[in-house]
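# Coordinates in review
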Amino acid sequence: MDTEKNKQILVTGGAGYLGSILVPMLLKENYDVNVLDRFYFGRSSLAKVQNHPNFQITDLDIFHHENIPNLFKNVQTVVHLASISNDPSGDLDPNLTIQTNFLATISLARRAKAEKVKQFVFISSCSVYGAGENKILDEQSPVGPVTLYALSKLQCENELLPIADDEFSITALRFATLFGYSPRMRFDLAVNTMAKRALQNKNIFVNGDGEQYRPFLHVKDAARSILQMIKSDYSLINKQIFNVGNKKLNFMIKDLAQEIVSYFPETKIEKIPFNNDRRSYCVSFNKLEKICNFNALYDIKYALEEIEDKYWENCFLDMDDKKYYNVEIVKECLKEPVMTYSLASTPRWANKG
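These notes cover the structure that comes with them. (Residues numbered from 1 in each chain as written. Predicted model: local features only at pLDDT ≥ 70, side-chain atom pairs only at ≥ 80, totals over all residues. Heavy atoms only, no water.)

## Details of the packing of helix H5 (residues 190-199) against helix H10 (residues 300-312)
At a minimum axis distance of 10 Å, the contact between H5 and H10 shows a crossing angle of 45 degrees. Considering the angle they form, H5 stands oblique to H10. In the packing of H5 onto H10, the handedness of the crossing is right-handed. Where H5 abuts H10, its residues Val191, Asn192, Ala195 and Leu199 lie against Ile300, Leu304, Ile307, Glu308 and Tyr311. (Axes fitted to C-alpha atoms, helices over the stretch in contact; angles between N-to-C directions. Helix = DSSP H or I, 4+ residues; strand = E, 2+ residues; numbered from the N terminus. Parallel < 35°, antiparallel > 145°, perpendicular 65-115°, else oblique. Left-handed = near helix turned anticlockwise from the far one by under 90°. Contact = heavy atoms within 4.5 Å.)

Structural data, given as structure tokens:
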């Protein structure tokens, strides 16, 4: 394998929850990294690498990538993280979700191929399995997304993989639900939310009977899996879908809550009678282990320890601040025009006549 083949990498959404872990990891591996991001969550999560000689920033919405003519110059790999992430955010404005998660993704991939980029790593989600049957689901199992966010990820998979060929490798990674500390912290993820409430001396909520399954994946392991794709022989991963997670971290929500309580023994579980969330899926990660020899390393206890440490270091201050919740940031974004229109379509232009 040519060790120089992926020297320059474009990471879309590189200042987000996962990108803020991935980008420093790539720089440490001596890759040149360009982050394409609109920075709705700010830039502070990448502050430690902002002066790195191999790091650069392109401040732009991915929907307008054509405005940067040299965006793909010398780029070997695109890691596409940018999206309207999580179900509540995706439901706020369906048009924005389709525009960002689907249309912009396909446009970006087609342009990358036309401009001779070698590899496109697409971040999908195990949520495409929806209300899965009570069995272990692998990449060949039926899918049934029950949210727009999940559907947008599945439609991207369906559209992207046929674009791939011997000169343009495309891999879709279906991530389990992420958790753990990141410099761009989120408290709207199940494990992180429960940890937050425990640290606030509040009860942990379990909706319904709590018997819905979810797979979980530490954000560091998510970043490691992307690095693994970049280093892998394309012949092994091209046109492939991989579930990414840890078989030991397939939890019923009620058991996850008990896991949190075992770490924070003063915390109590409060059951909410109704559960409108129909998602439930228990997932196999054997394919990724077999083909790429990848195993997730970090467990729930590790994440709780790091979140608690950061809490006592006063890294969070107010854990209910809207900056930790994607849906609140998307609401702020919706106060601005979704599209930047041409002046020719506005009265200001017409009145200049």
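Having seen the model, we can carry on.
## Quick notes on the packing of helix H8 (residues 253-263) against H10
Where H8 meets H10, the axes come as close as 10 Å, and the angle between the chain directions of the two elements is 50 degrees. With respect to H10, the axis of H8 lies oblique. Crossing geometry of H8 relative to H10 is assigned as right-handed. When H8 is examined against H10, the residues Leu256, Glu259, Ile260 and Tyr263 are found in contact with a partner set consisting of Ile300, Lys301, Leu304, Glu305 and Glu308. Its residues assigned to classes, the contact of H8 with H10 shows 5 nonpolar, no polar and 4 charged. (Nonpolar A, V, L, I, M, F, W, Y, C, P; charged D, E, K, R; others polar.)

## A few points about the sheet that holds strand S10 (residues 213-218)
Pairing is mixed across the open sheet formed by 3 strands, whose spatial order is S8-S10-S12. Of all the strands in the sheet, the pair left with one neighbour each is strand S8 (177-179) and strand S12 (250-252). With direction set aside, neighbouring strand axes in the sheet form an average angle of 45 degrees. Judged from the 3 bridges that link them, S10 and S12 form a sheet pairing that is antiparallel. Residue pairing in the sheet places Arg214 in a bridge with Phe251 of S12. Where helix H6 (residues 219-231) meets the sheet, its contacts fall on S8 and S10, and the angle it forms with S10 comes to roughly 70 degrees. Contacts from H10 reach S8, S10 and S12 within the one sheet, and its direction differs from that of S10 by about 60 degrees. (Pairing = 2+ DSSP bridges.)

## Thoughts on the environment of Thr267
Structurally, Thr267 is set in the loop between H8 and strand S13 (269-272). The class of Thr267 is buried, set by a relative accessible area of 9%. For the pair Thr267 and Ser225, spaced 42 residues apart in sequence, the C-alpha separation works out to 33 Å. Discounting residues that sit within four places of it in the chain, Thr267 has contacts with Ala198, Lys202, Ile204 and Val261. (Buried < 20%, exposed > 50% of the residue type's maximum accessible area, 1.4 Å probe, protein only.)

## With respect to the nonpolar core
Among the nonpolar cores identified, the biggest contains 78 residues, and Phe175 and Ile226 are the most heavily contacted of them. A per-element tally of this core places H6 first, with 7 residues. Grouped together as the second largest cluster of nonpolar side chains are 26 residues, Val117, Cys156, Leu160 and Ile163 included. (Core = buried A, V, L, I, M, F, W, Y, C linked by side-chain atoms within 4.5 Å.)

## A short note on helix H1 (residues 19-28)
Extensive coverage of H1 is indicated by the burial of 8 of its 10 residues. Residues of H1 that are buried: Gly19, Ser20, Ile21, Leu22, Val23, Met25, Leu26 and Leu27. As for H1, its buried residues are in contact with strand S1 (8-12), strand S2 (32-37), strand S3 (55-59), strand S4 (77-80) and H6.

## Regarding the sheet that holds S3
What the 7 strands build is an open sheet, ordered S3-S2-S1-S4-S5-S7-S11; its pairing is parallel. Of all strands in the sheet, those bounded by a partner on one side alone are S3 and strand S11 (240-244). Strand-to-strand twist across the sheet, computed as the mean angle between neighbouring axes with direction ignored, equals 20 degrees. Bridge analysis of S4 against strand S5 (residues 119-125) gives 4 bridges, and the strand direction is parallel. Of the residues in S5, the one forming a bridge with Val78 is Phe120.

## Re the side chain of Asn101
For Asn101, the position within the fold is in helix H3 (residues 94-114). Polar contacts involving the side chain of Asn101 include one to the side chain of Ser152, which spans 3.2 Å. Leaving out residues up to four positions away in the same chain, Asn101 has contacts with Ser83, Ile84, Tyr149, Ser152 and Cys156. (Polar contact = N/O pair within 3.5 Å; in protein donor to acceptor, adjacent residues only side chain to side chain.)

## Topic: the side chain of Arg214
Turning to its location among the elements, Arg214 is positioned in strand S10. Within the structure, the side chain of Arg214 is placed 2.8 Å from the backbone oxygen of Arg279, a separation counted as a polar contact. Residues in contact with Arg214, not counting those within four places in the same chain, are Thr177, Leu249, Asn250, Phe251, Ile253, Asp277, Arg279, Ser280 and Tyr281.

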